[in-house]
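# Coordinates in review
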Amino acid sequence: MSEVPLHRQLGLTDWENDQIPTLLGREATGPELVMFSLMWSEHCSYKHSKPLLRNFPTEGPHVLQGPGENAGAIDVGGGLAVTFKIESHNHPSAVEPFEGAATGVGGIIRDILAMGAKPIALLDSLRFGSLDSSRSRYLFRRAVNGIGHYGNCIGIPTVGGEVGFDDRYEDSCLVNAMCVGIVRHDRILRAAAKGIGNRLILFGNRTGKDGIGGASVLASAEFSHDEDKRPSVQVSDPFTERKLMDCCQDLADHDLLVALQDLGAAGLTSSSSEMASKGGVGLHINLDKVPLREQAMTPAEILVSESQERMLAVVTPENVQAVIDLCEFHELDATDIGEVVEGDALIATFNGEEVVNIPAHFLADDAPVYEVPQTPAPPPTPLDLATVPVPTDLVGAWRDLLRVPNIASKRWVYQQYDHLVGANTVIRPGGDAAVVRIPDTQMGLALTTDCAERHCELDPRGGGAAGVFEAARNIACTGAVPSAITNCLNFPNPEKGHTGWRLAQAIEGMADACRALGTPVVSGNVSLYNESSARMIYPTPVVGMVGLMDDAAKAVGAAFVSEGDVVLLAGSGAPELDASEYLGRAEGAPTAPDADAEVALCRFLAAAAEKELLAGAHDVSAGGLAVALAESAMLGRVGATVTAPAADRPDTALFGESGARVIVTCSPTNLAALQALATDVPLTQIGTVAGDDVQVTVDGATVRLSIADARSAYESAIPEALM
Amino acid sequence: MTDHIAVIRFPGSLDHEAAGRVLREAGATTIVVSHHDHQLPQGTTGVVLPGGFSYGDHLRCGAIASRTPIMDAVRSFAEAGGPVLGICNGFQILCEAGLLPGALLSNDTQSFICKQVGLEVVDADTRWTGDAAAGSEISIPIKHHDGAWQGDPSQGRVIFRYVGENPNGAHDAIAGIANMDGNVMGLMPHPEMACEALLGSADGALVMGGVLAQGVAA
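Residues numbered from 1 in each chain as written. Chains lettered and ligands numbered in written order. Predicted model: local features only at pLDDT ≥ 70, side-chain atom pairs only at ≥ 80, totals over all residues. Heavy atoms only, no water.

## What to know about the environment of A:V627
Residue and element names in this part refer to chain A. Along the chain, the position of V627 falls in helix α21 (residues 624–636). Since its relative accessible area comes to 0%, V627 is described here as buried. C-alpha separation for the pair V627 and L401, spaced 226 residues apart in sequence, amounts to 7.7 Å. Setting aside anything within four residues of it in sequence, one finds V627 in contact with W398, L401, L402, I407 and A622. (Helix = DSSP H or I, 4+ residues; strand = E, 2+ residues; numbered from the N terminus. Buried < 20%, exposed > 50% of the residue type's maximum accessible area, 1.4 Å probe, protein only. Contact = heavy atoms within 4.5 Å.)

Have a look at this one:
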C-alpha cells in the first residue's frame, strides 16, 4: 500500500502543494489539483529554466514571432513567413520508443499547424547509448521506425537531423523533433482567445485515457525503467493527423478561426489555460460535451488526457456551423465544448456541476520559478598528448574512424524516411544541411540540427557556442545565410551537481553565438531530468537552424563534383584532439569558438555560392579533415589528392577537430574570383579533385584510401551493428 | 487539344499536388477529384492515382480506396481505353481494383525505403516510356514500405524493372506493369518526383507524359 500523499504522486512538492490554497483562497478540488500538477511541472512551466532562457536574443528585424507562441516565425520575403520549432519527446521514447518518437513528431507538427502554417519539412536529433548495448539498439531501431511511420504517413518530408551514440545516453535516450512550416504573414494564427461569446471548438481525435500524466510523471522526473509508466505514453495516428493538417489549412484558407491551439502536454488543461491567459479572458468548458473514446472518464482525466491529434479553436458563433461542416468533410469530429466568457477564470462543468474554477494565469503563468544552483564545474585540463600514441597505421585509423557510429553513414536511418514528398527537396540527407525549396517560389531553405555535447560537458559555454556555429557552417556550406534558430535544451537534473551551472553557461554560449551571427532564438523547448541513478546525459543543447537563399538552384552540395576542380580549405580553425571523435571521449580542453572567424566564414560561403563560384562545400567536423575529404569523395564518386596543413602530429592534422573550417572546391576558372572574395577568411589551396581514392600528404608522408574501401567502412557500420 | 487530367485524391493521398504540378507545367489542366465523387469530370482525358497512404493503409494498402465510388468511374474510363496512371499507392489501388495484375507485398527488408533507383525500360511499345528505347535506363526515386510486386507477369506487360539491386524483393524485379492494352499503368517509383534536374533527375517526365499523349476522351 502506498502511503505517498496524492500531490506527491502527481509530482507536486509539498511546498508547491501548500501554495495552491493560498492562491485560490480555498482548497483545490480534485481535478484542480491534477491540473496544477501538470501545469506546474517542469515540462509545462519551465520553472527551473525560465530565468535563464531570458538571456537568449529573441529579436531581429526579420522576427515575426519570438518564443511564447506555438512556434516562432521569421519573414522570408514575398509576404511569406517560415515558422519552426524543435521539441523533445525523450522520456516517452525511453519507455515506448515507437509510439514515443511517433507522437513526438505528431506533437511538433501540430505546433506548426496551430500557427496556421503548412508543414514542409521535419528533422530529428537523436541520441542513444552505445550500439553495443542491446537495449540501445532496440530503442534506436524502434524510435527510427516510429519517426518514419509518422512522417511518411502524414506526408511531410523528413530531410535532416543527426544521430549520436554514447554510453551517457544508455538510460536516457533523446528524441528531439523539429518541424518547419510556411504561412503568409496575414494568415499567421495565434493562441490568444478573444471575443466574449465566441465558441470553443474541439476537433480531431476523440479523448481517451492515453497519455495521462505524461508531462508530470514522465517528463519531469528522473528516469527509472518503470513499466508502470507505459500508460503515460500516448498513441499515434498519423492518418488522422493528415486529415487534421488538411482541415486546419482549409479552415485558415476560409478565414474561419479567431485562434487556434494544439492539445499537447497536459491536453485540454494547457491549451485552454494558455488560450485564456494569453487573451486575458475566461473560458467555460462543458466537459459533458467532449467526445470520449471510452466510457467512465473522470473530469480530471478528460482535462489532462494527452490523446493525440486534437486541436482547440476559438470561432465566432456565426462560423461554428461552417467549421463543423469543414471538419466533417475531412472526416473529423468537431464539437462545440464551451465559450469565451468575461473575467479570467477557466471554468469546467461536469454533469451540470462546476468542478473547476481557477484564474487561468495561475495555471499558465504563475507556476513557481526556481533559481537553479550554480556550482561551477572545475575547468577542464588540456589533453595530455603523451597518453594518446600516434598510430603506426594511419590509414587503418582513418578507416576505423569512418566506422565509428557517430561518423558512419546514417543511410540506414534516412532511407526509412520519405525525404522527397512534396517534390521540393533540393539537397537530400547525407551532406551538411538539407535544402528544401519553398513551395511555389524559387527560394531555398537550408535546415540543420547540431550539438557539440562532448564540448559542452567540458566547457558548456564554449560548447554551447560551438553547436550554434557548427549549425551555421552547415547552413552556409549550402550557400544559405543563417537566419534564426530554435533549440532544445536536454540536460540532467538541474537541482543537482554542476548541471544548473552548465545549463546557464550553455545558454550564455549559445546566446553569444546567436548574437554574433544575427540568428535570434525564436522558439524552443527544455527537457530536464535526463538522468538515472547510474548515468546522466551530457549537456545536450540541440540547435535547429534555418537559413535562406534567394534561389534554390544555387544550392551547393557537399560532394566533389569534377576531376580537376581545386580543393581549398577555408577558415582559420586549428585542429586539436581534445574531445574529438578520434579521441572518442569527452576529455581535454577544447578551444572555445572564434566568433569573428565563424561569422566571416559563413559570409564568405554564402557570397561565393551566390556568385556561383563553388562546386562543393563541406564542413570539417567530426573526424577532421581526413573524414571530411572521404565523405565528399564518397558523395561525388570521385577522389582527391590533398596536402594537409601541418600540425604538431600527423593524427592531429588528419583527424583533429576545430571550428571555422570548411573544405570548398571550385573549377580552376573560378579560383581567382574565389580568392578575391576571401578578404577576411584564410583560404588555402590544398589539392585537386581526381581519381578513385583520397590521397592525403601530411608532413611528407602520404596516406591513401580508396573510395570503395572508405564506402565499405562508412556504409556498413550501422547496419552491421544492428544485425 | 488540351489534356484534362483528373487526379484522384483519397483521404491520406500525399502526392496529388506534386503530380498535378508536373502535369500543369506540361500544359495540361488538372482537377483534383475527391473520393466522395461518383463521376470523373466531363472531358477527362487521363487519370492519375497519386502516391500516399490512402485511408492510412488500414486493412491493406489501397484496399479501401479501391472500393470507393470514384473507382467505378475510373474502371469505366479505363475500359473505354483512357490512360490511367497509378503511382505507388495508386499502383496498389489499381491492383486491388483488379485493373492491373498482381499485388504489392511488404518490402523484403520489412522497412520503408526512400532512395534513387535505376529502372530498365523493358517494353517500349506503350505510351508510358516516351521515346526511350527498350533496354535504356532511367533514374527515379522510390519511397514505399509495401512495394514488392508479386503475380504472373504474363497477365500484363512489364514496363520497368529495377536495375542492379532489387530494392524490395519484387518478383522478377518488376517495378512497373501495364495491362495488356497498355492504357493502364502502375509503378512503385515516383516519376512525379523526378521531373526537374534541380530535384536530382528529370527522367520521370517520360512516364508522366504517358497520361497526356493522345488523350482519349471519356
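## Here we look at the side chain of A:D166
Residues and elements named next belong to chain A. Within the secondary structure layout, D166 lies in the loop between β5 (158–165) and β6 (174–184). Under the relative-accessibility criterion, D166 is labelled buried at 13%. Within the structure, D166 has its side chain in polar contact with the side chain of Y538 (distance 3.2 Å). Contact partners of D166, with chain neighbours within four places excluded, come to F128, G129, S130, R454 and Y538. (Polar contact = N/O pair within 3.5 Å; in protein donor to acceptor, adjacent residues only side chain to side chain.)

## A few points about helix α11 (residues 267–279) of chain A
Structural remark: α-helix, 3.6 residues per turn; residues separated by three or four positions point the same way. Residue and element names in this part refer to chain A. Here α11 contains 13 residues, and its C-alpha end-to-end distance of 18 Å stays within 8% of the 18 Å for a straight helix at 1.5 Å per residue. Within the span of α11, buried status applies to G267, L268, T269, S270, S271, S272, S273, M275 and A276. Taken from the residues just after α11, G280 is the one with a positive phi, measuring 65°. (Expected span 1.5 Å × (residues − 1).)

## So, the sheet that holds strand β20 (residues 566–570) of chain A
Residues and elements named next belong to chain A. The seven strands lie next to each other as β21-β23-β20-β24-β22-β25-β26, forming an open sheet whose pairing is mixed. Both edges of this open sheet fall to β21 (616–619) and β26 (701–706), since each of them pairs with a single strand only. Each strand of the sheet is rotated relative to its neighbour by a mean of 20°, with strand direction disregarded. Pairing analysis gives four bridges linking strand β22 (residues 640–643) to strand β25 (residues 693–698), with the strands arranged parallel. Within the sheet, the bridge partner assigned to A640 lies in β25 and is V694. With respect to the sheet, helix α20 (residues 595–610) is in contact with β20, β21, β23 (662–666) and β24 (683–689), its orientation differing from that of β23 by roughly 20°. (Pairing = 2+ DSSP bridges. Axes fitted to C-alpha atoms, helices over the stretch in contact; angles between N-to-C directions.)

## Re the interface of chain A and chain B
Contacts between the two partners involve 26 residues from chain A and, on the opposite side, 29 residues from chain B. Here chain A and chain B share an interface that buries about 2300 Å² over both sides, 58% of which is from carbon and sulfur atoms. The largest share of the area that chain A buries against chain B comes from A:F239, A:Q415 and A:R428, three residues that together contribute 23% of it. Linking chain A with chain B are four salt bridges. Those elements that place two or more of their residues in the side of chain A that touches chain B are α8 (134–154), α10 (238–253) and β14 (425–427) of chain A. (Buried area = accessible area lost by both parts, 1.4 Å probe. Salt bridge = Lys/Arg side-chain N within 4 Å of Asp/Glu carboxyl O.)

## A few points about the side chain of A:T335
Structurally, A:T335 is set in strand β11 (residues 333–341). Sequence-distant contacts of A:T335, that is, excluding residues within four places in its chain, are made with A:L200, A:I201, A:L202, A:K289 and A:P291.

## A word on the sheet that holds strand β4 (residues 84–87) of chain B
Residues and elements named next belong to chain B. With mixed pairing, the nine strands of this open sheet are ordered in space as β2-β1-β3-β4-β11-β10-β9-β6-β7. Both edges of this open sheet fall to β2 (29–34) and β7 (137–144), since each of them pairs with a single strand only. Each strand of the sheet is rotated relative to its neighbour by a mean of 25°, with strand direction disregarded. Both strand β3 (residues 46–49) and β4 contribute to a ladder of three bridges, which runs parallel. Bridge pairing in β4 places V47 opposite V84. Against the sheet, helix α3 (residues 89–96) contacts β3, β4, β10 (174–178) and β11 (184–187), and its axis sits at roughly 120° relative to β4.

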